[in-house]
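Observations on the three-dimensional arrangement
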Amino acid sequence: MFSCPIQIRMSDLDPYNHVNNGSQCNYFDMGRSRFFEHAFQAEIDWLSFKYVLVHVDLDFKMPVHFHDDIACESAILEVGNSSFKMIQRLVDQKTGLVKTECHAVVVYFDRVANKSERIPDFDRNMLEKHKIL
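Residues numbered from 1 in each chain as written. Predicted model: local features only at pLDDT ≥ 70, side-chain atom pairs only at ≥ 80, totals over all residues. Heavy atoms only, no water.

For the rest of this paragraph, the subject is the nonpolar core. Phe35, Phe36, Phe40, Tyr51, Phe84 and Leu127 are the most contacted members of the largest nonpolar core, which totals 30 residues. Looking at this core, the elements that each hand over two or more residues are strand S1 (2-5), helix H1 (21-40), strand S3 (70-79), strand S4 (83-92), strand S5 (98-110) and helix H2 (121-128). Broken down by element, the residue count for this core peaks at six residues, all from H1. For Leu127, the residues in contact, after removing those within four places along its chain, are Phe35, Phe40, Tyr51, Ile76, Val79, Phe84 and Ile119. (Core = buried A, V, L, I, M, F, W, Y, C linked by side-chain atoms within 4.5 Å. Buried < 20%, exposed > 50% of the residue type's maximum accessible area, 1.4 Å probe, protein only. Helix = DSSP H or I, 4+ residues; strand = E, 2+ residues; numbered from the N terminus. Contact = heavy atoms within 4.5 Å.)

Okay, structure coming up:
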């Protein structure tokens, strides 16, 4: 799995002193962004990037606290014709405990035609290299 560190900010905390759910969604967005740059071996131009997040679900297994040493791990589960499924986890680097798990579906999308397209072979090969299971 690809892993990137996550910096927890004071503004991420809720009244219970846990990282709130919305902030955790942002952590997964950051992890996904870093994953794309790693997988495609290039800095992403977000104005022309053709992948769009179309589904996400999260399982909050344990609270994330301010002093937790969190990393976002990301990998591919399945590559289809025009989409792929990802798994992501917020993991405490000190304990190895999975705090939150995310499943996402990302689609290769033509913004002009407003429809999905087949994932190009080059991209497919790069994504397949990061497939687990």
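So, on to the environment of Lys115. Looking at where Lys115 falls in the secondary structure, it is placed in strand S6 (residues 115-116). Residue Lys115 is classed as partly exposed on the basis of its relative accessible area, which comes to 48%. Note: C-alpha distance between Lys115 and Gly96 (19 residues apart in sequence) is 40 Å. The residues contacting Lys115, other than those within four sequence positions of it, are Phe109 and Asp110.

Moving on, we come to the pattern of salt bridges. A side chain with one charge may pair with a side chain of the opposite charge, provided their charged atoms come close. Tallied over the full model, the rule gives eight salt bridges. With a shortest N-O distance of 3.9 Å, Glu73 and Arg89 are connected by a salt bridge. With Glu73 in strand S3 and Arg89 in strand S4, this pair connects stretches of sequence that are 16 residues apart. Between Glu128 and Lys131 there is a salt bridge, and its shortest N-O distance comes to 3.8 Å. When its relative accessible area of 33% is taken as the criterion, Glu128 is described as partly exposed. (Salt bridge = Lys/Arg side-chain N within 4 Å of Asp/Glu carboxyl O.)

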